[in-house]
Number of protein chains: 2
Amino acid sequence: MDIRSSFESLDKKFTSFGGLNGGGITRLLYSDEWSNAVHELKHTLEKEGFEASFDSVGNLKGRIEGSKYPEETIMSGSHIDTVVEGGHLDGQFGVLAALVAMQSLKAEHGQPLRSLEVLALAEEEGSRFPYAFWGSKNFFNLAKSEDVNDIADGEGINFKAAMNNAGFDYRNEDNDYSYIKSFIEVHIEQGKVLETEQKAIGVVNGIVGQKRYTINLKGEANHAGTTPMGLRRDAVVAFSKIATELTDKARTIGDPLVITFGRVDPVPNTVNVVPGEVTFSIDCRHINQEALNDFAKTIDDCIRTVSEQEGVEYDINLWMDEAPTMMDESLVKVVEQAAEQVVGSNDSKMMPSGAGHDSQIFAKYIPTAMLFVPSINGVSHNVTEETNIEDLVKGIEVLKQVLYQLAYEE
Amino acid sequence: MDIRSSFESLDKKFTSFGGLNGGGITRLLYSDEWSNAVHELKHTLEKEGFEASFDSVGNLKGRIEGSKYPEETIMSGSHIDTVVEGGHLDGQFGVLAALVAMQSLKAEHGQPLRSLEVLALAEEEGSRFPYAFWGSKNFFNLAKSEDVNDIADGEGINFKAAMNNAGFDYRNEDNDYSYIKSFIEVHIEQGKVLETEQKAIGVVNGIVGQKRYTINLKGEANHAGTTPMGLRRDAVVAFSKIATELTDKARTIGDPLVITFGRVDPVPNTVNVVPGEVTFSIDCRHINQEALNDFAKTIDDCIRTVSEQEGVEYDINLWMDEAPTMMDESLVKVVEQAAEQVVGSNDSKMMPSGAGHDSQIFAKYIPTAMLFVPSINGVSHNVTEETNIEDLVKGIEVLKQVLYQLAYEE
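Residues numbered from 1 in each chain as written. Chains lettered and ligands numbered in written order. Predicted model: local features only at pLDDT ≥ 70, side-chain atom pairs only at ≥ 80, totals over all residues. Heavy atoms only, no water.

Caption draft 1: Geometry of the overall build of chain A. From N to C terminus, chain A includes 12 helices and 16 strands. Taking 410 residues into account, the globule formula puts the C-alpha radius of gyration at 22 Å, and chain A, at 24 Å, falls close to it. Each principal axis of the C-alpha distribution contributes one length, and for chain A these read about 80 × 50 × 40 Å. Looking at the 410 residues of chain A, the share that counts as buried comes to 58%. With an accessible surface of roughly 15,300 Å², chain A has 44% of that area assigned to carbon and sulfur atoms. Taking the average place of the 36 positive charges on the side chains of chain A and the average place of its 65 negative ones, the gap between the two points comes to 2 Å. (Helix = DSSP H or I, 4+ residues; strand = E, 2+ residues; numbered from the N terminus. Rg over C-alpha atoms; globule rule 2.2 N^0.38 Å. Buried < 20%, exposed > 50% of the residue type's maximum accessible area, 1.4 Å probe, protein only. Areas by Shrake-Rupley, 256 points an atom, 1.4 Å probe, with all protein chains shown as cover. Lys, Arg positive; Asp, Glu negative; His and termini not counted. Charge placed at Lys NZ, Arg CZ, Asp CG, Glu CD.)

As structure tokens, this is what we get:
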């Protein structure tokens, strides 16, 4: 079978579920578009000889039984939901890549020694309801009904009502994941490192830890004309010094440290008043926990020092503090070797993932690895999200090689 | 007569027109509160022996004829309107100070050699309609009916309808101001320079020129996790560098240069996206035109250089460019000497006004001077606007001394 044409026809079919006129997909958890997609995927899996089944919340597995070690299962997949006006590759590519790679292996090599499973996770994006990773958190029995019982979507539809309406419900017993030996997720990079460095494959060594802060600086609002510079307590000037200093320091430390001041809300935010207050965000990520913690100290020190210099009061609220997740070392090596075989060592790159993925949940319980394909101009969460078909095919071929090694070799 | 008690009783009376429960005044142009205030002021002037008259738009003059040089008139006053929820001193104090000073002179010294006039300008704040300086711009035949014909207040009431309803109308002939020899305006400082330096009187040598800009920086919005620092075109980082550098430079140059970044609007303004765009304001003021122009060049250079460094595109829109207005040198000397006599040279300070005032219009046509009294904590345009009564009295006494010299001495 031809990997490219198989993928293209599957991608075309599944992009139609929630597909938008200008390209891209809106396919929110438990929506009609989502239901149509997962039921069609179950049908496709069955037609292709997979044994397909949903768990209670709607995670879909398709299984090819192994001949020699059926109790050892090699799993690959990603999430099937999208953000609002998302692209056709974020999540969906990982599901279809797994399906195509396993189809191709079966066509070429017949039944594997170990079992193979495709996984389509119900939800990862947190785009319909204010809860993310619903799929993988149910997979590992982490999600609780209390977490979502009282939440509703933008139209006021309750989580449970939406779930029941789609034919699914809370877990009534724990999911068994002990039979899974390895999990491999293929995903688009959603950044432009691979494109910039002209690499075809990213071998992901880990998913960055991140800290997110809301900082409030309080100075004094004053008349912009009658208040000399020396009598000001200007919150925006204090913010600017903090953002400039921390950016300089982060640049000096270098990759993979990133810091972002995405939100800035001065008060009163008008041309002729010295801004007496500003609330701003910091998003800081690093693959190494110690390096991340060190920079968090730098952040605290900088805010304190600048606030003292500028005569403003500060409040630092660290409201997200997620540890980095390392991928399984030996599995990463398998992916790295497969990438070398398929695209050559010059065309692949070992890199951290700066974004969160289902694999960060899996890696806590199961040896897990990820591989990236390039994103054109780094665009994702957007209908123009795209990857060259040649790169998509290379991604599937690397995955196929990884699965071959894990499921077909002794 | 006692200056303090005269002022206090007038201030109490006029603060009741638009007076608010928590203190302060809302007295917008041509409102009922405004009408009641100006008609009561006319009545008060007449009762005190002034010859009182409105011009067509509602500027109110009260005149004491001079005995020897009646055609030479010394005028003092300010505006009678307030901002929404303004204080009881901004504008009103200048009108009442003129009235009390002239009453006191008349009581002590009888008829002046030159004529004296109190002036209550109809409007300065631009708070009801989007047009400021309506009073002084009519006084000097600058305002045109076309400027306001199509404008309305927040409730949709047309400017002309409001004016007619209050009993006033557009000028049907030019106002004659040639008979005025000098204009003196007393005003609260609206800043805290005098308070900080423990001075009772500010002798205003000029009103600062100001340039106001809207700057747009366009970089590229990117994922905050997947975009390394080196691949970013972060508009907020560029803004922060510009604000930091220009603030440093302005501090080095020193008073009376001020620069304010009052408004900052990043796009999309969310925690986990590298901000691809920011729109911000610059308000820059200086009393010296050359120094202001020099700093405007510094602003341009800094924005260009930082934008190039940070890979963002910039657009600079200079939408206000007002020249500094110098007060009349010999009149400033008269005020300075009067302040020295009343409070001593240690308790007065020569200073620019960082805010705009009616005097900036007057100074273009008539020898003009201003004097400031301190504002407690620099607060103005707020119901808590206040000045110690001792300082208000000192301001009236300095004005009285100035008017004595100008109207009673040969």
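Now, onward.
Caption draft 2: Structural view of the relation of the copies chain A and chain B. With an RMSD of 0.1 Å, chain A superimposes on chain B once it is rotated by 180 degrees and translated 0.0 Å along the axis. Each copy turns onto its partner about a two-fold axis. It is serine 240 of chain A whose C-alpha, among those of chain A, lies nearest the rotation axis, at 2.1 Å. (Least-squares fit on C-alpha atoms with pLDDT ≥ 70 in both.)

Caption draft 3: Up close: the pattern of salt bridges. Residues and elements named next belong to chain A. Summed over all chains, the structure comprises 48 salt bridges over all chains. In this structure, lysine 349 engages glutamate 197 in a salt bridge whose closest nitrogen and oxygen atoms are separated by 3.2 Å. Highlighted residues: lysine 349 in strand 15 (residues 348-353) and glutamate 197 in the loop between helix 7 (193-196) and strand 6 (201-207), separated in sequence by 152 residues. Taking relative accessible area as the criterion, glutamate 197 reaches 38% and is therefore assigned partly exposed. (Salt bridge = Lys/Arg side-chain N within 4 Å of Asp/Glu carboxyl O.)

Caption draft 4: The packing of aromatic side chains, seen in detail. Enumeration according to the criterion identifies 42 aromatic pairs over all chains in this entry. Judged by centre distance (4.7 Å) and plane angle (85 degrees), the rings of phenylalanine 140 of chain A and phenylalanine 362 of chain A are edge-to-face. With phenylalanine 140 of chain A in the loop between helix 4 (134-139) and helix 5 (145-148) and phenylalanine 362 of chain A in helix 11 (residues 359-362), the pair connects residues that are 222 residues apart, well separated along the chain. A relative accessible area of 3% means that phenylalanine 140 of chain A is categorised as buried. The interplanar angle of 15 degrees and the centroid separation of 3.9 Å between the aromatic rings of phenylalanine 183 of chain B and phenylalanine 362 of chain B together place this pair among those described as stacked. Taken together, the residues span a long stretch of sequence, with phenylalanine 183 of chain B in strand 5 (residues 180-188) and phenylalanine 362 of chain B in helix 11 (residues 359-362) at a distance of 179 residues. Comparing phenylalanine 183 of chain B with phenylalanine 362 of chain B shows no difference in burial state: the two are buried. In textbook terms, an aromatic cluster arises when at least three aromatic residues are bridged by ring pairs, as seen for Tyr30, Trp34, Phe54, Phe129, Tyr131, Trp134, Phe159 and Phe168 of chain A. (Phe/Tyr/Trp six-rings, centres within 6.5 Å; stacked < 30°, edge-to-face > 60°.)

Caption draft 5: Up close: the domain arrangement of chain A. Residues and elements named next belong to chain A. Split into domains, chain A comes out as domain 1 (3-208 + 324-407) and domain 2 (209-322). For domain 1 versus domain 2, the distance between C-alpha centres works out to 37 Å. At the junction of the two partners, domain 1 supplies 10 residues and domain 2 supplies 9 residues. Surface buried jointly by domain 1 and domain 2 totals about 640 Å² across both partners, of which 64% is contributed by carbon and sulfur atoms. Area buried by domain 1 at its contact with domain 2 is led by Val208, Pro324 and Pro352, which between them contribute 71% of it. For the pair domain 1 and domain 2, the interface holds 0 salt bridges. The tally of links from domain 1 across to domain 2 stands at 1 residue pair in polar contact (both at pLDDT 80 or more). Those elements that place two or more of their residues in the side of domain 1 that touches domain 2 are strand 6 and strand 14 (325-326). Here the side of domain 1 that touches domain 2 is composed, by residue class, of 6 nonpolar, 4 polar and no charged. (Domains from an automatic or database assignment. Contact = heavy atoms within 4.5 Å. Buried area = accessible area lost by both parts, 1.4 Å probe. Polar contact = N/O pair within 3.5 Å; in protein donor to acceptor, adjacent residues only side chain to side chain. Nonpolar A, V, L, I, M, F, W, Y, C, P; charged D, E, K, R; others polar.)

Caption draft 6: View of the environment of leucine 194 of chain B. All names here are of chain B. Structurally, leucine 194 can be placed in helix 7 (residues 193-196). Considering only alpha carbons, one finds leucine 194 and lysine 349, 155 residues apart in sequence, at a separation of 7.6 Å. Discounting residues that sit within four places of it in the chain, leucine 194 has contacts with Glu189, Lys199, Ile201, Gly202, Lys349, Met351, Phe372, Val373 and Pro374.

Caption draft 7: A look at the interface of chain A and chain B. The interface of chain A with chain B comprises 55 residues on the first partner and 55 residues on the second. It is Thr226, Met229 and Val271 of chain A that lose the most area in chain A upon contact with chain B, and together they represent 15% of the buried surface on that side. Linking chain A with chain B are 4 salt bridges. The partner of glutamate 220 of chain B in a salt bridge is lysine 192 of chain A, with the nearest N and O atoms 2.5 Å apart. Secondary-structure elements contributing two or more residues to the side of chain A that touches chain B are helix 7, strand 8 (222-223), helix 8 (235-253), strand 9 (258-260), strand 10 (264-267), strand 11 (273-274) and strand 12 (277-286) of chain A. Residue contributions to the side of chain A that touches chain B peak at 10 residues, all from helix 8 of chain A. The residue inventory of the side of chain A that touches chain B, partitioned by class, reads 23 nonpolar, 19 polar and 13 charged.

Caption draft 8: Main features of the pairing of strand 2 (residues 60-64) of chain B. Residues and elements named next belong to chain B. The buried count for strand 2 comes to 5 of 5 residues, which makes it a mostly enclosed element. Residues of strand 2 alternate between two faces, with Leu60, Gly62 and Ile64 on one and Lys61 and Arg63 on the opposite face, all of them buried. Judged from the 4 bridges that link them, strand 1 (residues 51-54) and strand 2 form a sheet pairing that is antiparallel. Paired with alanine 52 across the bridge in strand 2 is glycine 62. Between strand 1 and strand 2, which pair antiparallel one after the other, the connecting turn spans 5 residues, and glycine 58 there sits at a positive phi close to 110 degrees. Bridge count for strand 2 against strand 4 (residues 114-121) is 5 bridges, and the pairing is antiparallel. (Pairing = 2+ DSSP bridges.)

Caption draft 9: Expanded view of the environment of valine 95 of chain B. Tracing the chain through its elements places valine 95 of chain B in helix 3 (residues 92-109). The spatial distance from the C-alpha of valine 95 of chain B to the C-alpha of glycine 23 of chain B is 19 Å, given a sequence separation of 72 residues.

Caption draft 10: Highlighting the UniProt feature "binding site: Zn(2+) 1" (unreviewed entry) in chain A. All names here are of chain A. Per the UniProt record, the feature "binding site: Zn(2+) 1" (unreviewed entry) sits at His79, Asp90 and His187. A stretch of 109 residues holds the annotated residues, and the largest C-alpha distance among them is 9.9 Å, short enough that they meet in one place. Mapping histidine 79 onto the fold places it in strand 3 (residues 69-79). Aside from chain neighbours lying at most four places away, what touches histidine 79 is Asp90, Gly91, Gln92, Val95, Leu121, Glu123, Glu124, Glu125, His187 and Asp358. Within the structure, the side chain of histidine 79 is placed 2.9 Å from the side chain of aspartate 81, a separation counted as a polar contact. Within the fold, histidine 187 resides in strand 5 (residues 180-188). (UniProt positions renumbered as here; feature names shortened; annotations may be inferred.)

Caption draft 11: Layout of the packing of helix 1 (residues 3-15) of chain B against helix 3 of chain B. Residue and element names in this part refer to chain B. For the pair helix 1 and helix 3, the least separation of the axes is 10 Å and the interaxial angle reads 140 degrees. Here helix 3 runs oblique to helix 1, going by the angle between their axes. Seen from above, helix 1 lies across helix 3 with right-handed handedness. Where helix 1 approaches helix 3, its residues Ile3, Ser6, Phe7, Leu10, Asp11, Phe14 and Thr15 are matched on the opposing element by Gln92, Phe93, Leu96, Leu99, Val100, Gln103 and Ser104. When grouped by side-chain class, the residues that make up the contact of helix 1 with helix 3 number 8 nonpolar, 5 polar and 1 charged. (Axes fitted to C-alpha atoms, helices over the stretch in contact; angles between N-to-C directions. Parallel < 35°, antiparallel > 145°, perpendicular 65-115°, else oblique. Left-handed = near helix turned anticlockwise from the far one by under 90°.)

Caption draft 12: Local environment of helix 2 (residues 32-47) of chain B. Residues and elements named next belong to chain B. A rise of 1.5 Å per residue sets the reference length of helix 2, with its 16 residues, at 22 Å; its end C-alpha atoms lie 22 Å apart and thus fit the reference within 8%. Considered for burial, the residues of helix 2 that qualify are Trp34, Ser35, Ala37, Val38, Leu41, Thr44 and Leu45. Against the buried residues of helix 2 lie helix 1, strand 1, strand 2, helix 3 and strand 4. (Expected span 1.5 Å × (residues − 1).)

Caption draft 13: Helix 1 (residues 3-15) of chain A, seen in detail. All names here are of chain A. Taking 1.5 Å per residue, 13 residues should reach 18 Å; helix 1 reaches 18 Å between its end C-alpha atoms and fits that length. Within helix 1, burial applies to Ile3, Ser6, Phe7, Leu10, Asp11, Phe14 and Thr15. Down the axis, helix 1 shows its buried residues gathered within 145 degrees of arc, on one side only. The secondary structure elements touched by the buried residues of helix 1 are helix 2 (32-47), helix 3 (92-109) and helix 12 (389-408). (Arc of directions from axis to C-beta.)

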